[in-house]
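Take a look at the letters that make up each chain.
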Amino acid sequence: MAMKTVSPDAISTILANPSPDTSTEMPEIVVQVLDLTSKGNRYMFTATDGKKKLKGILPSHLTPQVISGDIQNLGLIRILDYSLNDIPSKSEKYVIVTKCEAVSPALEMEIKTEVRSEETGILLKPKQEFAIKSEVKREDAGIFLKPKQEIIAKSAAQIVHEQHGNMAPAGRMAMTRRVHPLVSLNPYQGSWTIKVRVTNKGTMRTYKNARGEGCVFNVELTDEDGTQIQATMFNEAARKFYDKFQLGKVYYISKGTLRVANKQFKTVQNDYEMTLNENSEVEEVSNEAAFVPETKYNFVPIEMLGPYVNGKELVDVIGIVQNVSPTMSIRRKSNNESIPKRDITIADESKKTVVVSLWNELATTVGQELLDIADQSPVVAIKSLKVGDFQGLSMSTLSRSMLLVNPDIPEAKKLRSWYDSEGKGTLMASVSTGMSPSARNGARSMYSDRVSLSHITGNPSLGEDKPVFFSIKAYISSIRSDQTMWYRACKTCNKKVTEAIGSGYWCEGCQKNDEEYILVVKASDASSDAYISAFNEEAERIIGCSADELDKLKSQEGEENLYELSLKQATWVPHLFRISVSQNEYNNEKRQRITVRAMAPVDFAAESRFLLEEISKMRAS
């Protein structure tokens, strides 16, 4: 279109077609995006065509388009597929956009058109939607709105039921209901039918709680688009459907309920999870109508894996294979059984590497294939990995994990192109570099939980119950030379030690001779400054020399200038810090204590990527 603008009756078209049939031609629906705001991992917005407005939801699979700046506030989008929902608790309707494309970035202002009184638009009340029998024509826009095939009068529904009464239930489901894509489902919807393949089946488990005992099992379902959802069944439903659901088979499912997924136990990328009860309908699809679901990935760059350490959320990665180990046999503690394991090291464009442990069949089959072609540096895409803190940060496959070698996807082609052109000669570093040594110390990437110093100093109650962890980027702005900055502390508990009788130092808490050094310095960023404590290793990295060396410079006569110079050279150098914030009591007064747990030099390329992503989020909101 020469001039990018909204469709004049876009909102009326959506309201008149609450559940569009994308197999028939629909009028173009271009709307302007207003009030774009983040809600969890989704975005809410208001759609306008200049005359009318309608509240809308962009599900999580469209979030990358918002973060990348493709979809912008005040920008235009073309809605290609959607569903219109009545939310019981609210009077207004919501349009859930399941497919769209960007038409224009942000315009200077909101589009507003004068509305003439005769242009009332078509507003169908929910009860009236099922009574439409003829085509509706809008004179002003020349748009023909065909009624949906499934919106039929009651008598017609009875006729269909009578005609197909002797058909198989799955056939009836297919002929009388529209199959909904999983991405369009939400808790506020009425009846729906989905067509899905069982891509993972859990075991039947028993449980005990305050309400009694029961059994439960769940399945992972994938539709033709590759969208996944977890379905859970309890007690009667679990017993009814456990044998019915077979791994790898395709089913029509209806009469289930949805709720917002519990992020802590989420195993698939979906805002919602499904519950099936004993009244739900599950029918196997005949082979002719079956499909192979497209695998959808949500790749996390290797350098951004930190926030997922020891979390419940599973991660997808893609990388170039740098190294493949031989098969190892690991003895399981629980039953003393030996299971095969193979480690592969992969790298990506962030120039970071990570070790991925392949277990069981993946180690012996695909793992052997990778060993055979390791010299060709193949690309691997791996779905559903657990991120752990073994040796800093590592990843492991589970029973549901999938690994593809040299997959035919755009991300693999891009990675291969980068590696062949420049990646081969690039020095790669482990993602664990610059991370604290254990989860006890809050092992995370320097880019997770990133806050400003003002966030810490402005919240004096932080760390009251237990230490809390953050990442900061700050400069050492001041190291006072006229105070005792270094004092001897116990290596075990980090508390101050006193001179022991005879020689050495004594720790009252640990009842032993030990010593370590601690440094207190002032750190600053653009928002605030604060005093932070750094123990031996980190303190020496800040100053650039050991505690003993600095101590000698200070104590030697005539060396004051060298001592002052050493401290001065350590200031106004940027560092990335992983810190803990706790509360200490001093003279009956609680004070915040900020302690360095790990530190790393600033990687300016990674820092720039991080800042660009933060800017995108600000622009989107």
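Residues numbered from 1 in each chain as written. Predicted model: local features only at pLDDT ≥ 70, side-chain atom pairs only at ≥ 80, totals over all residues. Heavy atoms only, no water.

Moving on, we come to the overall build of the protein. Secondary structure summary: the protein contains 13 helices and 31 strands in total. The buried share of the protein, taken over its 621 residues, is 46%. Residue pairs at least 24 apart in sequence account for 63% of intrachain contacts in the protein once pairs closer than 6 positions are excluded. Of the roughly 33100 Å² that the protein leaves accessible, carbon and sulfur atoms contribute 49%. (Helix = DSSP H or I, 4+ residues; strand = E, 2+ residues; numbered from the N terminus. Buried < 20%, exposed > 50% of the residue type's maximum accessible area, 1.4 Å probe, protein only. Contact = heavy atoms within 4.5 Å. Areas by Shrake-Rupley, 256 points an atom, 1.4 Å probe, with all protein chains shown as cover.)

Now for the pairing of strand β3 (residues 53-58). Regular strands place side chains that alternate from one sheet face to the opposite one. As paired strands, strand β2 (residues 42-48) and β3 are joined by six bridges and run antiparallel to one another. Across the sheet, residue Thr48 finds its bridge partner in β3, namely Lys53. As consecutive antiparallel partners, β2 and β3 are separated by four residues, and within that stretch Gly50 has a phi angle of approximately 95°, a positive value. Note that β3 and strand β5 (residues 93-104) share three bridges and pair parallel. Within the sheet, the bridge partner assigned to Ile57 lies in β5 and is Ile96. (Pairing = 2+ DSSP bridges.)

On to unusual backbone geometry. The phi dihedral of Leu74 falls on the positive side, at around 75°, and the residue is not glycine. Tracing the backbone through its elements, the reader meets Leu74 in the loop between α2 (63-67) and β4 (76-86). For Ser384, which is not glycine, the phi dihedral falls at a positive 65°. Along the polypeptide, Ser384 turns up in strand β20 (residues 379-388). A residue is classified by how much of its surface remains accessible, and Ser384, at 7% relative accessible area, is buried.

With that settled, consider the pairing of strand β12 (residues 250-254). Buried residues dominate β12, accounting for five of its five residues. Residue alternation in β12 divides its side chains into two sets, Val250, Tyr252 and Ser254 and Tyr251 and Ile253, and both sets are buried. One ladder, built from five bridges, connects strand β8 (residues 193-201) with β12; its direction is antiparallel. Residue pairing across strands places Val196 opposite Tyr251, the latter belonging to β12. Bridge analysis of β12 against strand β15 (residues 281-284) gives four bridges, and the strand direction is antiparallel. If you follow Tyr251 over to β15, its bridge partner there is Glu284.

A separate point is the packing of aromatic side chains. Summed over all chains, the structure comprises seven aromatic pairs. Relative to Tyr242, the ring of Phe217 lies with its centre 4.9 Å away and its plane at 80°, an arrangement referred to as edge-to-face. Taken together, the residues span a long stretch of sequence, with Phe217 in strand β10 (residues 212-222) and Tyr242 in the loop between α5 (235-241) and β12 at a distance of 25 residues. Its relative accessible area of 23% is what places Tyr242 among the partly exposed residues. Ring centres 4.8 Å apart and planes at 10° place the aromatic pair Tyr297 and Phe299 in the stacked group. For the pair formed by Tyr297 and Phe299, the shared burial category is buried. The residue whose ring lies beneath Arg450 is Phe610, and the NZ or CZ to ring-centre distance is 4.6 Å. (Phe/Tyr/Trp six-rings, centres within 6.5 Å; stacked < 30°, edge-to-face > 60°. Lys NZ or Arg CZ within 6 Å of the ring centre and 35° of its normal.)

Glancing now at the sheet that holds strand β1 (residues 30-39). The strand order around the closed barrel built from five strands is β1-β2-β3-β5-β4, with neighbouring strands paired in mixed fashion. For this sheet, the mean angle separating the axes of adjacent strands, direction not counted, is 40°. Strand direction decides the pairing type here: β1 and β2, joined by six bridges, are antiparallel. Bridged to Ser38 within β2 is Tyr43. (Axes fitted to C-alpha atoms, helices over the stretch in contact; angles between N-to-C directions.)

Below, the discussion takes up the nonpolar core. Of all hydrophobic cores here, the largest spans 29 residues; its most connected members are Ile456, Ile472, Ile479, Ile542, Ile543, Phe577 and Ile579. Those elements that provide at least two residues to this core are α9 (453-457), β23 (468-478), β28 (516-524), β29 (529-535), α10 (536-543), α12 (560-570), β30 (574-586) and β31 (589-601). With four residues, the single largest contributor to this core is β23. Of all hydrophobic cores here, the second largest spans 25 residues; its members include Val317, Val356, Leu385 and Val431. (Core = buried A, V, L, I, M, F, W, Y, C linked by side-chain atoms within 4.5 Å.)

What follows deals with the side chain of Glu607. Mapped onto the fold, Glu607 is located in helix α13 (residues 604-620). By relative accessible area, which is 6% here, Glu607 ends up buried. At 3.2 Å, the side chain of Glu607 forms a polar contact with the side chain of Arg450. (Polar contact = N/O pair within 3.5 Å; in protein donor to acceptor, adjacent residues only side chain to side chain.)

Moving on, we get to the pattern of salt bridges. According to the stated counting rule, one finds 17 salt bridges in the structure shown. A salt bridge links Glu349 to Lys414, with the shortest nitrogen-to-oxygen separation between them at 3.5 Å. Residue Glu349 is found in the loop between β18 (338-347) and β19 (352-359), and its partner Lys414 is found in helix α8 (residues 410-421); the two are separated by 65 residues along the sequence. The partner of Asp420 in a salt bridge is Arg416, and the shortest N-O contact between them spans 3.3 Å. Placement of both Asp420 and Arg416 in helix α8 is noted, with a separation of four residues, approximately one turn of the helix. Residue classification places Arg416 among the partly exposed positions, given a relative accessible area of 22%. (Salt bridge = Lys/Arg side-chain N within 4 Å of Asp/Glu carboxyl O.)

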